[in-house]
Amino acid sequence: MTRRQRGRGFWLLGTVLLFAGGILFGLVLQNVWVGLVLAAAISIGWLIAYESRRGRNEGIYDRDDDGAQI
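Here the structure is a predicted model, which is why all the values come from computation and not from measurement.

Peer 1: Can you tell me about the overall build of the protein, naming the residues and giving the values?
Peer 2: Each helix and strand counted, the protein has two helices and zero strands in total. Classification of the 70 residues of the protein by burial places 13% in the buried group. Working note: accessible area of the protein is about 6,000 Å², and carbon and sulfur atoms make up 64% of it.

Peer 1: Kindly report on a nonpolar patch on the surface, identifying the contributing residues and their values.
Peer 2: Taken together, the side chains of Phe-25, Leu-29, Val-34, Leu-38 and Ile-42 present a nonpolar region at the surface, about 430 Å² in accessible area. Among the elements that take part in the nonpolar patch, helix H2 (residues 32-54) stands out by supplying three residues, more than any other. Its place among the elements puts Ile-42 in helix H2.

Peer 1: Mind laying out the side chain of Thr-15, listing which residues take part and the relevant values?
Peer 2: Take Thr-15: it is sitting in helix H1 (residues 3-28). Take Thr-15: its relative accessible area is 9%, and that puts it in the buried class. When neighbours within four sequence positions are excluded, Thr-15 is seen to be in contact with Ser-43 and Trp-46.

Peer 1: Explain unusual backbone geometry to me, using residue names and the numbers behind them.
Peer 2: In the Ramachandran plot, Gln-30 falls in the positive-phi region, its phi being about 60° despite a non-glycine side chain. A relative accessible area of 75% places Gln-30 in the exposed class.

Peer 1: A description of the side chain of Ser-43 should follow, citing residues and the corresponding values.
Peer 2: Considering the arrangement of structural elements, one finds Ser-43 in helix H2. Exposure remark for Ser-43: the relative accessible area of 4% places this residue in the buried category. Beyond its immediate chain neighbours, meaning those up to four positions away, Ser-43 contacts Trp-11, Thr-15, Leu-18 and Phe-19.

Peer 1: Go over the environment of Ile-44 with me, naming the residues and quoting the values.
Peer 2: Looking at the secondary structure, you find Ile-44 in helix H2. A relative accessible area of 53% means that Ile-44 is categorised as exposed. In this structure, the C-alpha to C-alpha distance between Ile-44 and Thr-15, residues 29 residues apart in sequence, is 9.0 Å.

Reading the values: rules and limits
Residues numbered from 1 in each chain as written. Predicted model: local features only at pLDDT ≥ 70, side-chain atom pairs only at ≥ 80, totals over all residues. Heavy atoms only, no water. Helix = DSSP H or I, 4+ residues; strand = E, 2+ residues; numbered from the N terminus. Buried < 20%, exposed > 50% of the residue type's maximum accessible area, 1.4 Å probe, protein only. Areas by Shrake-Rupley, 256 points an atom, 1.4 Å probe, with all protein chains shown as cover. Patch = residues over 30% accessible without salt bridge, like charges linked within 9 Å, V, L, I, M, F, W, Y side chains within 5 Å. Salt bridge = Lys/Arg side-chain N within 4 Å of Asp/Glu carboxyl O. Contact = heavy atoms within 4.5 Å.

Take a look at the structure:
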């Protein structure tokens, strides 16, 4: 198993667990759709953070990019 496959497998397993947790959370709130939407949003955020970490782009500070300035 290559590193890339292992990384995808880890992300996929985490996503499945997030969706299972979202379904359980939705059942507690008596609305499964809310749980699924929250799980999807968290999963997308986790994917962005995970890929940033794999690409070694986390925590990079660009002094020329401080957001919108007037």
